[in-house]
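# Survey of secondary and tertiary structure
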Amino acid sequence: MKRRDFIRSSVIAGAGAALSVRFEGLQAALTGNAVKVETAPDLVAVMGGEPEAMLDKALEALGGIGKFVKKGQTVVIKPNIGWDRTPELAGNTNPKLIGALVKKCLSAGAQKVTVFDHTCDNWQKCYASSGIEAAVKAAGGIVVPGNDEQYYSREITLPQGVTLKKAKIHEAIADADIWFNVPVLKNHGGAKMTCAMKNYMGIVWDRRIFHESDLQQCIADVCTWTKKPVLNIVDAYRIMHQNGPQGKSAADVATVKSLIASTDIVAADVAALRFFNQVKTLELDAVSHIGKGEALKLGTTNLDNISIKRIKL
C-alpha cells in the first residue's frame, strides 16, 4: 500500500452535534505498514485513542521524550490558544494533549515548562475557556501571556525569507533551550488550513504584515527561523472543518481521534492535510504555504520519501 493511502475510509456520521469519522478497514490498512528500520521513523501517525495515549505511542515510536528533552533544560510548548472556545469546538489545541506533554517534559528532567500563545481573543478568556491553563498548571507547568509587545523583545532576522525578513519573537520561546510546536488541525479562512507552519504566527508580535502582504509566503518565511521546534505534534483529535479559525458550533467539528508527530514541519502539514481531507476536500495547492516551505528547504511534501509509522489504538 502506498504512503499516500495511509489514511483511508472515513465516513462522516451524525448531524447537529460534532461529526465523527469512522476509520473503516483501518486495521487492514495498517497491516504490513509498520516501518521496519533501526532508527526512528520520520513521521508517526497515531489513530483511535485519547490524546494522552496517542502522545505516549508517538513518543515511544520516535525514541522517547528523553530524545528531545534533556535534564535541566527550559522548555516552551506552543499550542494554539487563540480563541475563547471550549475544547469541544476545536478552536484550540486539546488541553489533555498539552497537559500530558508538560508532564512528559518534566519527567525527562526539564527545569521549567512554559506554555503561551499570542491570542486573538482576550488572552485570559482563551487560556481559561480552552482548558489549557488548568491542564498546564495541574501538570506542573506555567503559562505566560502573549498579549503585549513588551513580551516580544527579541527581534530575529530571516535571511531566507522571501517577503518577511524580520520579526519580533516572544521572549519565552527566544530564551528557552527547546520548544515544541503543538497546533490543532483546522480550517482557516485566509490560509485555508492552519496546522504546524501556521502555528508560528502565535510566536510573533506584529502579524499585520502577514495579512497585508502575502499571507502564505510570510507563513513559510517565519518558519525559516533557525531555532526550529524539536518536534511538531499535530492535534487532530477534533478537526474544525469549516468556519475556521473560530468556528460557530459543534456542526463545524469532526472527531477523528488522531495525532501526527514529526520533526519535518512540511511533512507534518501534508499528513495533516490528508487527515483533513477525510472530512472535507482541500487541495495542497490551496494551502500554498506548505509548498512554499518545501521551496525554502524546510521539509518535504512527498511522503513517499520519508519513513512513516502508523499506529492504531
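So, how was this worked out
- Residues numbered from 1 in each chain as written.
- Predicted model: local features only at pLDDT ≥ 70, side-chain atom pairs only at ≥ 80, totals over all residues.
- Heavy atoms only, no water.
- Helix = DSSP H or I, 4+ residues; strand = E, 2+ residues; numbered from the N terminus.
- Buried < 20%, exposed > 50% of the residue type's maximum accessible area, 1.4 Å probe, protein only.
- Contact = heavy atoms within 4.5 Å.
- Phe/Tyr/Trp six-rings, centres within 6.5 Å; stacked < 30°, edge-to-face > 60°.
- Core = buried A, V, L, I, M, F, W, Y, C linked by side-chain atoms within 4.5 Å.
- Salt bridge = Lys/Arg side-chain N within 4 Å of Asp/Glu carboxyl O.
- Pairing = 2+ DSSP bridges.
- Axes fitted to C-alpha atoms, helices over the stretch in contact; angles between N-to-C directions.
- Parallel < 35°, antiparallel > 145°, perpendicular 65-115°, else oblique.
- Left-handed = near helix turned anticlockwise from the far one by under 90°.
- Nonpolar A, V, L, I, M, F, W, Y, C, P; charged D, E, K, R; others polar.
- Arc of directions from axis to C-beta.
- pLDDT = per-residue confidence, 0-100.

### Focus on the overall build of the protein chain
A count of helices and strands for the protein chain gives 10 helices and 14 strands. Here the protein chain holds 313 residues, and the buried ones make up 57% of them. Summarising the internal contacts of the protein chain: among those between residues at least 6 apart in sequence, 73% fall at separations of at least 24.

### Let's talk about the packing of aromatic side chains
All chains considered together, the criterion is met by four aromatic pairs. Centroid distance Trp123 to Tyr127: 5.1 Å. Interplanar angle 80 degrees. Geometry classified as edge-to-face. Of the two residues, Trp123 and Tyr127 are both situated in helix α4 (residues 123-129); the distance of four residues between them amounts to about one turn of the helix. Taking relative accessible area as the criterion, Tyr127 reaches 1% and is therefore assigned buried.

### A few points about the nonpolar core
The biggest cluster of nonpolar side chains holds 97 residues, and the ones touching the most others in it are Val69, Ile77, Cys105, Phe180, Leu185 and Ile233. Of all the elements, helix α9 (residues 265-276) adds the most residues to this core, at 10 residues. Discounting residues that sit within four places of it in the chain, Val69 has contacts with Val75, Cys105, Ala108, Ala110, Ile178 and Phe180.

### A look at the pattern of salt bridges
Across all of its chains, the model carries seven salt bridges by this definition. Linking Asp175 and Arg154 is a salt bridge whose minimum nitrogen-to-oxygen distance equals 2.7 Å. Here the residue Asp175 occupies a position in helix α6 (residues 171-175), and Arg154 occupies one in strand β7 (residues 154-157), the gap between them amounting to 21 residues. Classification of Asp175 as partly exposed rests on a relative accessible area of 46%.

### Concerning unusual backbone geometry
Between Gly244 and the following residue, Pro245, the backbone shows a cis peptide bond with an omega angle of 10 degrees. Mapped onto the elements of the fold, Pro245 is located in the loop between β12 (231-240) and β13 (253-262). Here the phi dihedral of Lys192 falls at roughly 75 degrees; this positive angle occurs in a residue that is not glycine. Within the fold, Lys192 resides in strand β11 (residues 192-194).

### A word on the pairing of strand β10 (residues 184-188)
Counting buried positions over the five residues of β10 gives five, a clear majority of the element. Examined bridge by bridge, β10 and β11 share three bridges and lie antiparallel to one another. Across the sheet, His188 pairs through a bridge with Lys192, a residue of β11. With antiparallel pairing between neighbouring strands as the criterion, β10 and β11 make up a hairpin whose turn holds three residues.

### Quick notes on the packing of helix α2 (residues 51-62) against helix α3 (residues 95-107)
It is the contact of α2 with α3, at a shortest axis distance of 8 Å, that shows an interaxial angle of 45 degrees. One finds that α2 runs oblique with respect to α3. Considering the relative orientation of α2 and α3, their crossing is right-handed. Along its contact with α2, which presents Pro51, Glu52, Leu55, Asp56 and Leu59, the element α3 presents Lys96, Leu97, Ala100, Leu101 and Lys104. Counted by class, the contact of α2 with α3 contains six nonpolar, no polar and four charged residues.

### Quick word on helix α10 (residues 288-295)
Each α-helix turn comprises 3.6 residues. Residues three or four places apart therefore point the same way. Among the residues making up α10, those that are buried are His289, Ile290 and Gly293. The buried residues of α10 occupy an angular sector of 105 degrees when projected down its axis, which confines them to one face. For α10, the secondary structure elements touched by its buried residues are β11, α8 (215-222) and α9. A positive backbone phi angle near 65 degrees is found at Lys297, which sits one or two residues after α10.

### Looking at the confidence of the model for the protein chain
Any residue range with low pLDDT should be treated as having predicted coordinates unsuitable for detailed reading. Of the residues in the protein chain, 88% have a pLDDT of 70 or more, and the chain-wide mean is 90. pLDDT under 50 marks residues 1-20. Its contacts with residues more than four places away, or in other chains, come to 61 contacts. Of the regions scoring below 50 in pLDDT, residues 24-37 engages in 18 contacts with residues more than four places distant in sequence or in other chains.

### Examining the pairing of strand β3 (residues 43-47)
Consecutive side chains of a regular strand alternate in pointing toward one face of the sheet and then the other. Of all five residues making up β3, five are buried, and the element is well covered by its neighbours. Here β3 shows a buried face lined by Leu43, Ala45 and Met47 and a second buried face lined by Val44 and Val46. Here β3 runs beside β13; their pairing, made up of five bridges, is antiparallel. Each bridged residue has a counterpart across the sheet, and for Val46 the counterpart in β13 is Leu259. The pairing of β3 with strand β14 (residues 308-312) spans five bridges and is classified as parallel.

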